[in-house]
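One letter stands for each residue in the lines below.
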Amino acid sequence: MNPATRLLIKLLDYLDKQGSSAAIHLTRITGKSPVPIHPKHLTSQDPYFQGVLEERDLLLDVGCGNGMNTLKSARSVGFAVGFDLNPVELKRARHLSKTEDARNIDFVLSDAETSRPFVEDSFNKILLIDVLEHLENRTGLLRSLSRLLKRDGTLILSIPNK
């Protein structure tokens, strides 16, 4: 095995031990993004749920991670709030929002299963994208989100098909 291949394998092995896929870290290492993000977020393609968002919406992104869906949604809504329990990911989200000069966005550190620091009937739209499958108390979360959602609001839910 040549030295370059050996070095690449060591790098990928190190990155995988950090708890995230190598592709996510390589977006930052190669300069494609100021923070590690999934390569799918490097395209300018709008998210599949973009068509249901409206300028007047107050949006909540549950389990927002690095905030990419929150940030993309904020371009189409009045105000977007992302929350996640991972402070490292929220730091990345805040950095990305400053990089893009997004002023109608906020990020909150909170655990979706135990605490939702929001007033009932606050949001027109709630995103729950690839989060539900990671939680123990799914029914409790969905009940809680239904209280946060305004009467005619929309829950946009996605789970992986594996």
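Residues numbered from 1 in each chain as written. Predicted model: local features only at pLDDT ≥ 70, side-chain atom pairs only at ≥ 80, totals over all residues. Heavy atoms only, no water.

Caption draft 1: View of the sheet that holds strand β3 (residues 105–109). The strand order β3-β2-β1-β4-β5 describes an open sheet built from five strands, whose pairing is parallel. What marks the edges here is a single partner per strand, and that holds for β3 and β5 (149–158). Strand-to-strand twist in this sheet, taken as the mean axis angle between neighbours without regard to direction, amounts to 20°. Where strand β1 (residues 58–62) meets strand β2 (residues 79–84), five bridges bridge the pair, whose relative direction is parallel. (Pairing = 2+ DSSP bridges. Helix = DSSP H or I, 4+ residues; strand = E, 2+ residues; numbered from the N terminus. Axes fitted to C-alpha atoms, helices over the stretch in contact; angles between N-to-C directions.)

Caption draft 2: Quick look at the packing of aromatic side chains. Summed over all chains, the structure comprises three aromatic pairs. Consider the rings of Y48 and F49, whose centres lie 5.3 Å apart with planes at 85°: the pair is edge-to-face. Taking the relative accessible area as the measure of exposure, F49 reaches 4% and is therefore buried. Note on F118 and F123: the rings are 5.5 Å apart at their centroids and 85° apart in plane angle, and the pair reads as edge-to-face. Across the pair, exposure class does not vary: F118 and F123 are buried alike. Three or more aromatic residues joined by ring pairs make a cluster, and in this case those are F83, F118 and F123. (Phe/Tyr/Trp six-rings, centres within 6.5 Å; stacked < 30°, edge-to-face > 60°. Buried < 20%, exposed > 50% of the residue type's maximum accessible area, 1.4 Å probe, protein only.)

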